[in-house]
Amino acid sequence: MAQLVRDLMTADPVMLPPDTPVREAAKAMRDREIGDVLVVDGDRLCGIVTDRDLVVRALADRDDLADCFVRDVCSDQVVTADLTETVDTAIARMRENAVRRIPVVDGGRPVGVLSLGDAAVERDLDSVLGQISAAPGNN
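Within any chain, residue numbers begin from 1 and follow the written order of that chain's sequence. With the structure being a predicted model, the display of local features is reserved for residues of pLDDT at least 70 and the display and counting of side-chain atom pairs for 80 or more, all residues being used for whole-chain, interface and lining totals. Each side-chain value is derived from all of the structure's non-hydrogen atoms; neither hydrogens nor water enter the calculation.

An unreviewed UniProt entry annotates the protein chain as CBS domain-containing protein originating from Lentzea roselyniae.

### Here we look at the overall build of the protein chain
Worth spelling out the cut-off: Numbered from the N terminus, helices here are DSSP runs of H or I no shorter than four residues, and strands are runs of E no shorter than two. Contacts were defined at the residue level, with two residues in contact if any of their heavy atoms lie within 4.5 Å. Residue-level accessible areas treat just the shown protein chains as cover; the underlying method is Shrake-Rupley with a 1.4 Å probe.
Across its full length, the protein chain carries seven helices and seven strands. The order of α-helices and β-strands along the protein chain, N terminus first, is α-β-β-α-β-β-α-α-β-α-β-β-α-α. Sequence-distant contacts in the protein chain: of pairs separated by 6 or more residues, those separated by 24 or more amount to 52%. When the accessible surface of the protein chain is summed, it comes to about 8,100 Å², and 47% of that surface belongs to carbon and sulfur atoms.

### Focus: the layout of surface pockets
Heads up, the rule is: Computed over the protein atoms alone on a 1 Å grid, cavities are sets of points where a 1.4 Å probe fits but cannot get out and pockets are open sets with protein on both sides within 12 Å along at least five of seven lines; a residue lines them when it has an atom within 4 Å of a point. Grid points are joined across faces, edges and corners, and a volume is the space filled by probe spheres set on the points. Gly is placed with the polar residues, together with every amino acid not listed as nonpolar (Ala, Val, Leu, Ile, Met, Phe, Trp, Tyr, Cys and Pro) or charged (Asp, Glu, Lys and Arg).
Considering only enclosed or pocket space, the second largest pocket measures out at about 410 Å³ in volume. For the second largest pocket, the lining is made up of 16 residues, of which Thr-50, Ser-75, Ala-98, Val-99 and Arg-100 are closest to its centre. Considering each element in turn, the lining of the second largest pocket owes the most residues, four residues, to helix α3 (residues 51-59). Broken down by class, the residue content of the lining of the second largest pocket amounts to seven nonpolar, three polar and six charged.

### Section: the sheet that holds strand β4 (residues 44-50)
Two orientations exist for strands paired in a sheet by backbone hydrogen bonds: parallel and antiparallel. Worth spelling out the cut-off: Only strands that DSSP links by at least two bridges are regarded as paired with each other. Axis definition: a line fitted to C-alpha atoms, limited for helices to the stretch in contact. Angles are taken between N-to-C directions and run from 0 to 180 degrees.
Strand order in the open sheet formed by three strands is β2-β3-β4, and the pairing between neighbours is mixed. What marks the edges here is a single partner per strand, and that holds for β2 (15-16) and β4. Across the sheet, helix α2 (residues 22-32) is in contact with β2, β3 (36-41) and β4; its angle to β3 comes to roughly 130 degrees.

### Focus: α3
Count 3.6 residues to each turn of an α-helix, and residues three or four apart come out pointing the same way. Going by this rule: Exposed residues in this analysis have more than 50% of their type's maximum accessible area, buried residues have under 20%, and partly exposed residues fall in between, with area computed by a 1.4 Å probe over protein chains only. By arc we mean the arc of the directions from the helix axis to the C-beta atoms, nothing more.
Listing the buried residues of α3 in full gives Asp-53, Leu-54 and Ala-58. Axial view of α3: buried residues confined to an arc of 100 degrees, hence all on one face. Turning to α3, the residues buried within the fold contact α2, β4 and α4 (70-73).

### A look at the confidence of the model for the protein chain
Basically, it comes down to this: For every residue, the pLDDT score states the predictor's confidence, bounded by 0 at the bottom and 100 at the top.
The predicted model of the protein chain has a mean per-residue pLDDT of 86, with 84% of residues at 70 or higher. Across the protein chain, the secondary-structure element scoring lowest on mean pLDDT is helix α7 (residues 128-134), at 39, and the one scoring highest is β2, at 98. In this model, residues 124-135 is a region of pLDDT below 50 whose contacts with residues beyond four sequence positions or in other chains number 17 contacts.

### Section: the pattern of salt bridges
The following threshold applies: Between Lys or Arg on one side and Asp or Glu on the other, a salt bridge is scored when a side-chain nitrogen of the former is within 4 Å of a carboxyl oxygen of the latter.
One pass over the full model with this rule turns up seven salt bridges. Linking Arg-44 and Asp-41 is a salt bridge whose minimum nitrogen-to-oxygen distance equals 4.0 Å. Classification of Asp-41 as partly exposed rests on a relative accessible area of 46%. With a shortest N-O distance of 3.9 Å, Asp-43 and Arg-109 are connected by a salt bridge. Here the residue Asp-43 occupies a position in the loop between β3 and β4, and Arg-109 occupies one in strand β7 (residues 109-115), the gap between them amounting to 66 residues. The class for Arg-109 is partly exposed, based on a relative accessible area of 46%.

And the structure:
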């Protein structure tokens, strides 16, 4: 039987509104030991911000982050996975779109995040990515 996205995803993702300062997004990532936050407007997913986005789109381009918000640095063309689709299908979509993590939706509402690290830990723990992802502090 094929493994489903819901079995590997990280549930309870951090979700922030678009007008959240990037500093708060960075603190949420640090405090939860994660590499991304979802950007939501009510129940609608409108973006994802990764730790890399914070560096490349905020820190590298601005001297002052006081007026920089997650809407300014998020990826708004979001690739998603459905809660009930197979992990193989989701991984293929990640490969096609060159992304390392994707929000998981149920009926259009975000419910989790699936990362390549999640898949590697579960499916290929002996791989380098699996070992790195399973190491303490790499959630």
